[in-house]
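Report on the structure
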Amino acid sequence: MFWQTTRFRIDLGQPRVMGIVNVTPDSFSDGGAHASSASALAHCERLVREGADILDIGGESSRPGAARLSASDELARLLPVLRGAVSLGVPVAVDTCKTEVMRAALDLGADIINDISALLAPGAVEAIAAQPACGVCLMHMRGEPPTMQECADYADVVTEVCSFLAARLAEVTGRGVAAERIVLDPGIGFGKRVEHNLALLARQPELLALGRPLLLGWSRKSTLGAVTGRAVNERLAASLAAALAAVQQGASIVRVHDVAPTVDALRVWRAAGLGARAEPAALHNPGASGTALNSCDRR
Ligand code: 9MG
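Overview of the structure. Within any chain, residue numbers begin from 1 and follow the written order of that chain's sequence. It should be noted that, the model being predicted, local features are given only for residues of pLDDT at least 70 and side-chain atom pairs only at 80 or more, the latter also being counted only at that level, while totals for whole chains, interfaces and linings use all residues. Side-chain numbers here rest on the full set of heavy atoms in the structure, without hydrogens or water.

1. Remarks on the side chain of K192
- Counting from the N terminus, the helices are the DSSP runs of H or I reaching at least four residues and the strands are the DSSP runs of E reaching at least two. Counting through the fold element by element, K192 comes out in the loop between β8 (182–185) and α6 (194–202).
- Nearest to the buried, unbridged K192 among oppositely charged side chains is D185, at 7.2 Å.
- Of the polar contacts made by the side chain of K192, one reaches the backbone oxygen of F190; its length is 3.1 Å. Buried, partly exposed and exposed residues are distinguished by accessible area as a fraction of the type maximum, computed with a 1.4 Å probe on protein chains only: under 20%, between the cut-offs, and over 50%, respectively. This count recognises Lys and Arg as positive and Asp and Glu as negative, with His and chain-terminal groups excluded. The rule for a salt bridge is simple: a side-chain nitrogen of Lys or Arg has to be within 4 Å of a carboxyl oxygen of Asp or Glu. Between N or O atoms, a polar contact is any pair within 3.5 Å; within protein, one atom must be a potential hydrogen donor and the other a potential acceptor, and residues adjacent in sequence are included only when both atoms are from side chains.

As structure tokens, this is what we get:
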């Protein structure tokens, strides 16, 4: 199973670690520690040294209650960091919901668009379809960050998230984006309460049945605080446990702040032989298997 992105065809035969780089003064979990371009780029370099397979750079905070930013302010934060990050030898994702930001990031060489609103903004699907190969992550979110926790009501959260992601996958592929460019994400914490997030973990195989690889972001999230009673800066152990549980439940990519410890945890998981995966029939890609590229090989 592969994830096709602009410059890299990422082999998902083993779980991949996506390192988070927030270029935001109001990020929920790192307090805006990387708000200047130089320190954000230094953080990118550090995450790559620690073993990140993919970088995810964001200029607008998506924490519950976060204020929205204009596209020009988001670009002013993002582009100087992206310019440097694309030369670090790993695929670079840009976390944005704005079509204008997607276009500019792709023009500058971004490999992946990570969109917490699943390309629902006007023109977003067209911006992705206009590119021959960029990757995209379609995430489920109920409402929008400023108010999303007020929308956390579901009859059956897993069924509703599956239906939403299936519909977005059908829409985006129907408009010309190859399925092998797309991964799906249930959006832990985005308009969901503790019990919803835990149900999504317990029933993650239902999401896998959508036939695309899953990206999961549990790192430092409030559900982990609710379960452990720990503050955001004390959630490393809980984040590692959640990442491993997500991978054990079939996740292909984990989006994390703490790259080095996650890489170590996954090494132990693989050494124990737990990493061998049968390829689900729905995920088999005969075209990709013929090319036999190694992990994250450049195209
Ligand atoms: C930007 N961002 C914050 N949390 C996220 C998550 O869980 N998944 C994805 N894809 N992006 C996220």
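2. Examining the nonpolar core
- The nonpolar core is taken to be a set of buried Ala, Val, Leu, Ile, Met, Phe, Trp, Tyr and Cys residues, with the residues joined through side-chain atoms within 4.5 Å. Core analysis: the largest hydrophobic core is formed by 65 residues, its most contacted members being I57, L119 and I128.
- One finds M1, I10, A93 and C137 within the second-largest nonpolar core, a separate group that totals 13 residues.

3. Quick look at the environment of R103
- By the element assignment, R103 lies in helix α3 (residues 99–107).
- Taking the C-alpha atoms as reference points, R103 and A130, separated by 27 residues in sequence, lie 9.6 Å from one another.
- Contact definition: two residues touch when any of their heavy atoms are within 4.5 Å. When sequence neighbours within four positions are dropped, the list of residues in contact with R103 reads G123 and A127.

4. Points about the packing of aromatic side chains
- Between 30 and 60 degrees the pair is tilted, below 30 it is stacked and above 60 it is edge-to-face, where a pair is any two Phe, Tyr or Trp rings, Trp via its six-membered ring, whose centres lie within 6.5 Å. Inspection of the entire model under this criterion finds zero aromatic pairs.
- Each ring is checked for a lysine NZ or an arginine CZ that lies within 6 Å of its centre and within 35 degrees of its normal; such an atom marks a charge sitting over the ring. Over the ring of F2 we find R9; its NZ or CZ atom is 4.9 Å from the centre of that ring.
- Here the basic side chain of R142 rests over the ring of Y154, its NZ or CZ set 4.2 Å away from the ring centre.

5. What about the site of the ligand?
- Taken together, the residues surrounding the ligand are S62, D95, N114, I116, C137, M139, D185, F190, L215, G217, K221 and R255.
- Between the ligand and D185, the relevant distance is 2.6 Å, taken from a nitrogen atom to a side-chain nitrogen or oxygen of the residue.
- Between the ligand and the protein, one listed contact pairs a nitrogen atom with a side-chain N or O atom of R255 at 3.4 Å. Residues are classed as near a molecule or strand on a simple rule: at least one heavy atom within 4 Å of it.

6. Quick word on the pairing of strand β4 (residues 54–58)
- Judged by how many residues are buried, β4 sits mostly within the fold: five of five residues are covered.
- Every second residue of β4 is oriented toward a common face, with I54, D56 and G58 on one face and L55 and I57 on the other, all of them buried.
- At least two bridges found by DSSP between two strands is the condition for calling them paired. Where strand β3 (residues 16–22) lies against β4, five bridges are found, and the strand directions are parallel. Looking across to β4, one finds that G19 is bridged to L55.
- Bridge count between β4 and strand β5 (residues 92–95): four bridges; the pairing is parallel. When the bridges of β5 are listed, I57 appears paired with V94.
- Handedness of a crossover is defined as follows: orient the strands so they point away from the viewer, and if the path from the first strand over the helix to the second runs clockwise, the crossover is right-handed. Between β4 and its parallel partner β5, the chain crosses via helix α2 (residues 71–85), and the hand of that crossover is right-handed.

7. Some points on the pairing of strand β10 (residues 253–256)
- Burial along β10 is two-sided: I253 and R255 and V254 and V256, pointing in opposite directions, are all buried.
- Pairing geometry for β3 and β10, over four bridges, is parallel. Among the inter-strand pairings, M18 is bridged to a residue of β10, identified as R255.

8. Considerations on the side chain of D11
- Position of D11 among the secondary structure elements: in strand β2 (residues 8–11).
- Summary of buried charges: D11 has no salt-bridge partner, and the nearest side chain of opposite charge, R16, is 5.0 Å away.
- From its side chain, D11 meets the backbone nitrogen of G13 in a polar contact 2.7 Å long.

9. Looking at α6
- Every buried residue belonging to α6 is among H196, N197, L200 and L201, and all of these are buried. The arc that holds the buried residues of α6, viewed along the axis, is 140 degrees, so those residues lie on one side.
- Considering only its buried residues, α6 is in contact with α5 (157–174), α7 (204–208), α8 (222–228) and α9 (236–248). To obtain the arc, one takes the directions from the helix axis to the C-beta atoms.

10. Considerations on the sheet that holds β5
- An order of β8-β7-β6-β5-β4-β3-β10-β9 is seen for the eight strands of this open sheet, with the pairing classed as parallel. Looking along the sheet, the strands with just one partner apiece sit at the ends: β8 and β9 (215–216).
- As judged from the three bridges shared by β5 and strand β6 (residues 112–115), these two strands associate in the parallel manner. Looking at the pairing, A93 lines up with I112 of β6.
- Here helix α1 (residues 37–49) sits on the sheet in contact with β3 and β4, set at roughly 165 degrees to β3. Here an angle of 0 to 180 degrees is reported between the N-to-C directions of two axes, which are lines fitted to C-alpha atoms, with helices fitted over the stretch in contact.

11. A few points about the packing of α2 against α3
- Taken N-terminus to C-terminus, the directions of α2 and α3 make an angle of 20 degrees; their axes are 10 Å apart at the nearest point. Classified by the angle their axes make, α2 and α3 are roughly parallel. You can see that α2 and α3 cross each other, and the crossing is right-handed. For the pair α2 and α3, contact is made by A71, E74, L75, L78 and L82 and by E100, V101, A104 and A105, respectively. In this scheme, roughly parallel covers angles under 35 degrees and roughly antiparallel covers those over 145, while 65 to 115 is roughly perpendicular and the rest are oblique. A clockwise turn of the near helix away from the far one marks a right-handed crossing, whereas an anticlockwise turn of less than a right angle marks a left-handed crossing.

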